[in-house]
6 protein chains.
Amino acid sequence: MAATIRPVKVKRKFTQHAPGSVLYQCGNTIVLCTAMIEEQVPPWLKGGGQGWITAEYSMLPSSTSTRKGRDRGGKIDGRTTEIQRLIGRSLRAIVDLKKLGERTIAIDCDVLQADGGTRTASITGAFMALVDALHAEYGKKPLAEYPLVDSVAAISVGIVDGKVELDLDYIKDVAAEVDMNVVMTGKGKFVELQGTGEEATFDDEQLAQLISKAKQGIKQLTQIQRETLGKLWKFD
Amino acid sequence: MAATIRPVKVKRKFTQHAPGSVLYQCGNTIVLCTAMIEEQVPPWLKGGGQGWITAEYSMLPSSTSTRKGRDRGGKIDGRTTEIQRLIGRSLRAIVDLKKLGERTIAIDCDVLQADGGTRTASITGAFMALVDALHAEYGKKPLAEYPLVDSVAAISVGIVDGKVELDLDYIKDVAAEVDMNVVMTGKGKFVELQGTGEEATFDDEQLAQLISKAKQGIKQLTQIQRETLGKLWKFD
Amino acid sequence: MAATIRPVKVKRKFTQHAPGSVLYQCGNTIVLCTAMIEEQVPPWLKGGGQGWITAEYSMLPSSTSTRKGRDRGGKIDGRTTEIQRLIGRSLRAIVDLKKLGERTIAIDCDVLQADGGTRTASITGAFMALVDALHAEYGKKPLAEYPLVDSVAAISVGIVDGKVELDLDYIKDVAAEVDMNVVMTGKGKFVELQGTGEEATFDDEQLAQLISKAKQGIKQLTQIQRETLGKLWKFD
Amino acid sequence: MAATIRPVKVKRKFTQHAPGSVLYQCGNTIVLCTAMIEEQVPPWLKGGGQGWITAEYSMLPSSTSTRKGRDRGGKIDGRTTEIQRLIGRSLRAIVDLKKLGERTIAIDCDVLQADGGTRTASITGAFMALVDALHAEYGKKPLAEYPLVDSVAAISVGIVDGKVELDLDYIKDVAAEVDMNVVMTGKGKFVELQGTGEEATFDDEQLAQLISKAKQGIKQLTQIQRETLGKLWKFD
Amino acid sequence: MAATIRPVKVKRKFTQHAPGSVLYQCGNTIVLCTAMIEEQVPPWLKGGGQGWITAEYSMLPSSTSTRKGRDRGGKIDGRTTEIQRLIGRSLRAIVDLKKLGERTIAIDCDVLQADGGTRTASITGAFMALVDALHAEYGKKPLAEYPLVDSVAAISVGIVDGKVELDLDYIKDVAAEVDMNVVMTGKGKFVELQGTGEEATFDDEQLAQLISKAKQGIKQLTQIQRETLGKLWKFD
Amino acid sequence: MAATIRPVKVKRKFTQHAPGSVLYQCGNTIVLCTAMIEEQVPPWLKGGGQGWITAEYSMLPSSTSTRKGRDRGGKIDGRTTEIQRLIGRSLRAIVDLKKLGERTIAIDCDVLQADGGTRTASITGAFMALVDALHAEYGKKPLAEYPLVDSVAAISVGIVDGKVELDLDYIKDVAAEVDMNVVMTGKGKFVELQGTGEEATFDDEQLAQLISKAKQGIKQLTQIQRETLGKLWKFD
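As a starting point, this report considers the structure included with it. What you see is a predicted model; the values in this text were computed from it and never measured.

With that out of the way, let us pick up the relation of the copies chain B and chain A. The pair of chain copies shares a relation made of a rotation about an axis and a shift along it. It takes a turn of 180° to lay chain B on chain A, together with a shift of 0.0 Å along the axis; the resulting RMSD is 0.0 Å. Taken together, the turn and the small shift mark the pair as related by a two-fold rotation axis. Interface overlap between copies is the fraction of interface residues in one copy that are interface residues in the other; for chain B against chain A it reaches 100%, indicating a shared surface.

Once that is clear, we can look at the interface of chain B and chain A. With 36 residues of chain B at the contact, the number on the chain A side is 36 residues. Counting the surface lost from both chain B and chain A, the interface buries some 2900 Å², and carbon and sulfur atoms represent 50% of this. For chain B, the biggest contributors to the area lost against chain A are His17(B), Arg67(B) and Arg72(B); these three give 25% of the whole. In this assembly, chain B and chain A are joined by 10 salt bridges. Residues Asp110(B) and Arg70(A) are paired through a salt bridge, measuring 2.9 Å at the closest nitrogen-oxygen approach. Taken together, chain B and chain A are joined by 16 residue pairs in polar contact (both at pLDDT 80 or more). Its residues placed into classes, the side of chain B that touches chain A shows 12 nonpolar, 16 polar and 8 charged.

A few words now on the packing of aromatic side chains. Overall, the coordinates contain 24 aromatic pairs over all chains when judged by the stated rule. On the numbers, 5.3 Å between centres and 25° between planes, the contact of Phe202(B) with Phe190(C) is stacked. Of this pair, Phe202(B) sits in the loop between strand S9 (190–196) and helix H5 (204–229) while Phe190(C) sits in strand S9 (residues 190–196), which puts the two residues in different chains. Taken individually, Phe202(B) and Phe190(C) each receive the classification buried, so the pair is uniform in this respect. Within the aromatic cluster, the residues linked to one another by ring pairs are Phe127(A), Trp233(A) and Phe235(A). When the ring centre of Tyr146(C) is taken as origin, the NZ or CZ atom of Lys234(C), which lies over that ring, is 4.9 Å away.

This part takes up a nonpolar patch on the surface. A cluster of nonpolar side chains, Tyr170(A), Ile171(A) and Val174(A), forms an exposed patch at the surface whose accessible area comes to about 360 Å². Looking at the element boundaries, Tyr170(A) is found in helix H4 (residues 170–175).

Looking now at the sheet that holds strand S5 (residues 104–113) of chain D. All names here are of chain D. Pairing is mixed in the open sheet, where 5 strands are placed in the order S1-S2-S3-S5-S4. Each having just a single partner strand, strand S1 (8–12) and strand S4 (52–59) make up the two edges of the open sheet. Between one strand axis and the next, the sheet turns through 15° on average, direction left out of account. Relative to S5, strand S3 (residues 29–38) runs antiparallel, the two being bridged by 9 bridges. Along S5, the bridge assignment pairs leucine 32 with aspartate 110. Along the sheet, helix H5 (residues 204–229) contacts S1 and strand S2 (20–26); its crossing angle with S1, the most-contacted strand, is approximately 30°.

An α-helix turns once every 3.6 residues. As a result, residues three or four positions apart point the same way. Residue and element names in this part refer to chain F. For helix H5 (residues 204–229), spanning 26 residues, the distance from its first C-alpha to its last is 37 Å, which sits close to the expected 38 Å at 1.5 Å a residue. Looking at H5, one finds that the buried residues are Leu207, Leu210, Ile211, Ala214, Gly217, Ile218, Leu221, Thr222, Gln225 and Leu229. For H5, the N-terminal capping position is held by aspartate 203, with its side-chain oxygen 3.3 Å away from the main-chain nitrogen of glutamate 205. Of the residues flanking the end of H5, it is glycine 230, one or two places downstream, whose phi is positive at about 55°.

All names here are of chain D. The buried fraction of S4 amounts to 6 of the 8 residues, a majority that puts the element mostly inside the structure. The pairing of S4 with S5 spans 8 bridges and is classified as parallel. Residue pairing for S5: alanine 55 is matched across the bridge by isoleucine 107.

For Ser122(E), the position within the fold is in helix H3 (residues 118–140). The residues touching Ser122(E), leaving out its near neighbours within four places in the chain, are Val31(E), Cys33(E), Tyr57(E), Ile87(E) and Cys109(E).

Right, let's talk about the pairing of S9(B) for a bit. S9(B) sits mainly inside the fold: 7 of its 7 residues count as buried. In terms of strand pairing, strand S8 (residues 178–185) of chain B meets S9(B) through 6 bridges, oriented antiparallel. In the sheet register, Met180(B) faces S9(B), and the bridge partner there is Gly195(B). Where S9(B) meets S9(C), 5 bridges bridge the pair, whose relative direction is antiparallel. Of the residues in S9(C), the one forming a bridge with Thr196(B) is Glu192(C).

The rules behind each value
- Residues numbered from 1 in each chain as written.
- Chains lettered and ligands numbered in written order.
- Predicted model: local features only at pLDDT ≥ 70, side-chain atom pairs only at ≥ 80, totals over all residues.
- Heavy atoms only, no water.
- Least-squares fit on C-alpha atoms with pLDDT ≥ 70 in both.
- Contact = heavy atoms within 4.5 Å.
- Buried area = accessible area lost by both parts, 1.4 Å probe.
- Salt bridge = Lys/Arg side-chain N within 4 Å of Asp/Glu carboxyl O.
- Polar contact = N/O pair within 3.5 Å; in protein donor to acceptor, adjacent residues only side chain to side chain.
- Nonpolar A, V, L, I, M, F, W, Y, C, P; charged D, E, K, R; others polar.
- Phe/Tyr/Trp six-rings, centres within 6.5 Å; stacked < 30°, edge-to-face > 60°.
- Helix = DSSP H or I, 4+ residues; strand = E, 2+ residues; numbered from the N terminus.
- Buried < 20%, exposed > 50% of the residue type's maximum accessible area, 1.4 Å probe, protein only.
- Lys NZ or Arg CZ within 6 Å of the ring centre and 35° of its normal.
- Patch = residues over 30% accessible without salt bridge, like charges linked within 9 Å, V, L, I, M, F, W, Y side chains within 5 Å.
- Areas by Shrake-Rupley, 256 points an atom, 1.4 Å probe, with all protein chains shown as cover.
- Pairing = 2+ DSSP bridges.
- Axes fitted to C-alpha atoms, helices over the stretch in contact; angles between N-to-C directions.
- Expected span 1.5 Å × (residues − 1).

Listed below in structure tokens is the structure:
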């Protein structure tokens with residue numbers, strides 16, 4: 001029997017200032033994913049004719065059952081840093097940065113409510129915000145060519161009580177012996193594969209199962225993205 | 001003719017982890033106001049038998065038309081600090097901290113979309129989140145006596161092009177010669193009065209008009225709070 | 001009977017490097033207020049032809065009866081930030097920044113001894129340092145036109161034991177139910193009005209009395225400024 | 001033909017203060033890996049009877065051809081944070097923290113010379129420093145039972161010019177379309193699998209090849225660890 | 001002919017909250033030196049029965065002809081750190097910390113006006129503030145025995161245009177090839193000797209002359225301290 | 001009988017990326033001293049035609065018997081700052097910065113193992129790294145003239161149990177009543193003289209002995225530098 005992901009709800013244009021603003025809900029995890037376009041690039045890219053995508057991730061203090069302190073101490077914790085970098089890399093993998101031109105797309109993923117899978121929800125939601133932002137940009141100042149080459153989505157899989165499970169909520173995530181985040185394109189290519197056994201290790205057989213379940217989840221997410229974006233979906 | 005505030009929409013229980021979670025919209029300003037209860041007080045109050053209310057305020061990067069950097073540099077900007085302190089003082093003014101007992105209510109006001117009046121929206125929305133959080137707490141671990149003594153709401157007034165105006169949106173706020181934030185209780189007492197003329201000064205006559213308009217706004221907000229809270233409203 | 005402020009002593013040219021250097025004493029509060037002129041403006045004003053006034057406020061560790069730690073942790077506390085911003089706004093309100101030209105006046109208010117009212121003493125003293133600095137500047141490199149349009153002074157009022165009091169010292173300040181700082185020009189216009197009831201609220205009648213007493217205090221301070229500045233006073 | 005890793009040299013007891021001190025060289029990458037034992041655990045583990053392993057990673061400024069600034073700004077960069085967390089997780093995966101008792105093993109990996117693969121060299125070298133430190137500890141204050149359950153080593157693989165390569169040096173690492181770090185135990189279980197395609201994606205076939213080559217590298221490293229540790233090797 | 005130091009003025013009890021508060025002027029250098037007593041010691045001395053002396057040094061922004069930024073960035077500059085440590089060591093050298101008991105004396109040296117020699121002025125002035133603070137403490141809570149064993153003073157010497165000079169003002173200090181600060185007790189013992197040739201070196205002959213001139217200066221300062229402290233001088 | 005320094009071992013070209021890389025061992029103190037050349041100068045020297053030398057000093061966490069935390073909090077401790085500044089000044093004293101041209105030599109001294117005298121070891125070792133770096137530079141892009149005018153070395157002396165001792169190891173350093181670091185050139189000129197009596201003072205006779213022993217140590221170190229550098233030694 002095929003594995004099923006948690007119910008997904010997507011609300012585009014949730015706020016009005018960002019050209020891409022997606023409220024993405026997967027189970028009880030809710031992330032506001034926005035994309036804003038800035039007509040400049042980081043210093044190390046200046047004059048090279050290519051663009052960039054940055055991402056920031058944050059959890060609101062009230063997003064967790066015990067209040068989470070804000071990132072205000074001048075140090076961002078390691079987990080936040082890792083997630084931000086993962087979101088940025090995942091989106092850059094499906095963008096032709098040269099076609100983007102010398103502009104930066106700033107992605108912000110702010111978790112309003114957390115119940116496991118906030119980083120994969122961020123990637124899946126941010127992709128749709130990115131599409132909306134690029135579409136809005138086309139109206140104003142046409143890009144030379146459409147810079148997106150594929151869609152991208154992400155899902156978690158894990159081994160919980162010895163069993164491979166798809167799309168872990170918080171309780172399962174905490175209980176998991178092995179935790180894996182998989183980022184794939186709509187066309188079925190891997191972008192990132194991060195498997196971690198903190199309390200345990202995993203063998204070849206388990207690795208194969210984890211990847212297989214993850215692919216099932218990604219397919220479902222890709223279909224949701226396709227339906228949500230409607231005419232803006234250009235990846236078939 | 002009486003002055004009218006911008007349309008207000010309130011959505012209680014917007015997120016599920018915080019016992020008080022209010023999505024407060026006033027015109028195009030949207031603030032998520034949450035209240036969470038922690039069973040401890042700051043060090044300087046330990047053992048004194050009284051509670052405390054803290055408040056944090058932040059704007060999401062995508063809440064403004066030009067992306068706003070996060071407060072991550074280890075320094076919170078002066079404006080944020082002032083607003084946080086104002087929200088905290090305003091709520092403490094209508095709470096009997098002794099009756100609260102040795103617990104802290106942590107208020108978080110996260111601006112999702114900004115169009116002027118974010119600090120007054122934060123106070124008005126946070127009051128309702130506070131009521132919900134106290135109500136939830138009553139179920140679990142009854143407080144000795146109800147600690148709220150009055151309601152509180154806040155509104156901005158200003159002088160724009162020489163004319164006194166109520167509830168300024170962003171465009172008017174930027175244009176205002178004089179800007180005043182007024183925090184009042186449902187029973188009509190002042191909690192805070194902050195009038196500032198950066199580019200200009202104001203005289204007695206103008207001060208009287210500013211205060212008069214602010215009172216009209218506060219009355220309308222108090223009525224909205226009363227209707228929204230229904231049976232939880234205990235301040236008449 | 002008219003309310004009276006605490007005795008004021010003013011020593012101009014207290015130190016020699018700053019063109020404006022005023023040791024301002026009000027009761028037992030002593031603040032060194034200096035004004036220095038820099039021939040540049042903050043980045044956001046460059047090329048606009050107008051000047052700027054910034055202000056910094058600090059208390060020496062030995063200024064209070066219990067030693068106060070220095071602002072060295074990379075975070076300025078909220079109170080300091082609020083006071084610095086208030087001083088800056090108050091002085092900018094009586095300066096025609098266009099006539100100042102593209103220069104910045106840096107105001108520093110360092111509290112040598114604190115006994116209540118340090119922020120209002122800072123404003124009142126800094127105004128005189130500002131006049132001295134502009135006068136010194138006139139000698140060197142004449143400004144197109146005199147940029148000061150009025151004088152400015154500030155005083156605190158409060159409700160202590162239910163009674164409205166003028167110019168609170170530290171003991172009264174701590175005991176006050178309501179605390180208000182009023183900044184006014186020599187010509188009787190309001191610049192700032194900041195009334196706060198942390199433990200209490202106040203009504204219309206009390207507001208009227210607070211403002212009335214504050215005006216009496218401002219008049220006395222303005223007279224002291226006039227006498228101190230002698231020929232440099234140009235605001236009648 | 002089997003893939004071969006770069007030449008490895010290991011010097012144990014390189015410095016004298018840390019009970020485990022290994023100078024690990026792989027190709028032109030040189031890392032000083034040390035392990036020190038502290039008789040306390042982080043606050044969240046106090047009283048639970050189990051131990052902990054932390055890891056810090058740093059590159060000396062002169063370890064790279066262009067001088068690298070020190071981590072002194074109060075912010076550790078994202079890459080460093082990710083690597084530190086990876087090293088810690090990798091070592092904890094082969095330690096029975098309960099048998100360790102309430103002590104912390106602090107691992108430090110300081111890169112003296114960098115030529116690709118510094119994170120995998122850190123893990124492989126730190127494992128040997130960990131064994132030496134535990135052995136030294138046994139002499140002083142016998143642990144109840146030997147806490148190590150397996151060995152651990154790490155290697156990088158990647159796709160360079162479309163070809164799967166093992167143990168990338170800096171030039172290949174920069175050129176790689178896909179970069180994967182694999183952490184495995186001596187008994188052949190996976191601990192971590194981190195595959196990233198920044199400029200590219202990878203398919204199932206390539207994933208299989210990457211994992212296969214990584215396993216060949218891990219086997220060689222495990223053999224080197226076995227020979228180096230001699231009688232201290234207890235994992236067959 | 002004997003070398004002469006710049007004119008010195010000392011004003012004790014300059015502010016009222018610190019039990020020792022000395023406004024020390026030497027030439028055009030003015031430092032406010034205060035000493036406050038705290039009934040606790042740093043953590044590493046707790047329970048050992050001995051006291052401690054700490055020192056902080058800061059220059060007001062207006063103390064120099066070009067405005068000096070405040071130490072607010074979270075990093076104290078190297079020069080400030082060196083001076084603070086020097087002041088603390090110099091005062092601890094003449095105090096029997098055991099006789100002081102478990103209390104800390106916090107010395108603050110705030111430069112109001114700088115014209116060379118601010119660190120040596122700080123030491124010389126702080127010694128008198130320390131005597132006053134200990135004397136005030138004797139009244140309240142008698143120390144077992146008088147903890148001061150000698151007086152301490154400090155002076156700068158340098159080589160300017162090849163000539164050995166005493167008590168350098170700012171212009172000479174900038175021009176000096178060799179700069180030396182000498183801290184000595186009233187009884188003629190060395191506490192610190194810090195000679196630096198940034199642009200130049202110095203030989204044995206010059207070293208002898210520098211030390212000889214410094215001793216002449218210290219004698220004059222010690223005499224001023226003796227006269228200023230009157231009956232509180234107990235070091236002959 | 002002449003005083004003798006601890007055994008010294010020097011390994012040049014210890015790492016390959018820095019043109020000067022010296023592993024300097026003196027007794028049980030081991031410091032990696034590197035020199036790298038950057039083709040730019042700090043902002044305040046731009047366009048002046050002269051070069052600069054900066055120095056950074058750090059101790060690896062495992063260099064001491066109790067693990068030492070890294071300098072990552074955004075604040076460098078006072079001792080580190082003092083040592084860095086000392087190393088920089090000492091090397092600049094023997095370099096003709098004009099002949100260096102507009103380039104910066106970045107010195108890094110990383111202590112791998114500490115047993116007293118790390119700052120003096122840093123200076124003595126860094127001098128040799130500097131010579132190697134300049135020599136490597138000559139090959140690539142000839143400097144107008146050789147910028148080194150003398151050699152430099154440093155040694156510690158102290159009074160331990162009333163006796164003057166040369167080249168203190170950690171145990172003696174902790175026990176020393178007086179601690180002095182002396183930096184001298186190969187030609188016998190003083191560069192720095194820093195004598196400190198934290199728990200004690202010292203008299204003229206002791207000062208003379210301290211300086212005499214230090215000179216004996218410097219001579220031995222200079223001879224070691226001469227032999228180590230061979231043909232690159234150009235200072236006789």
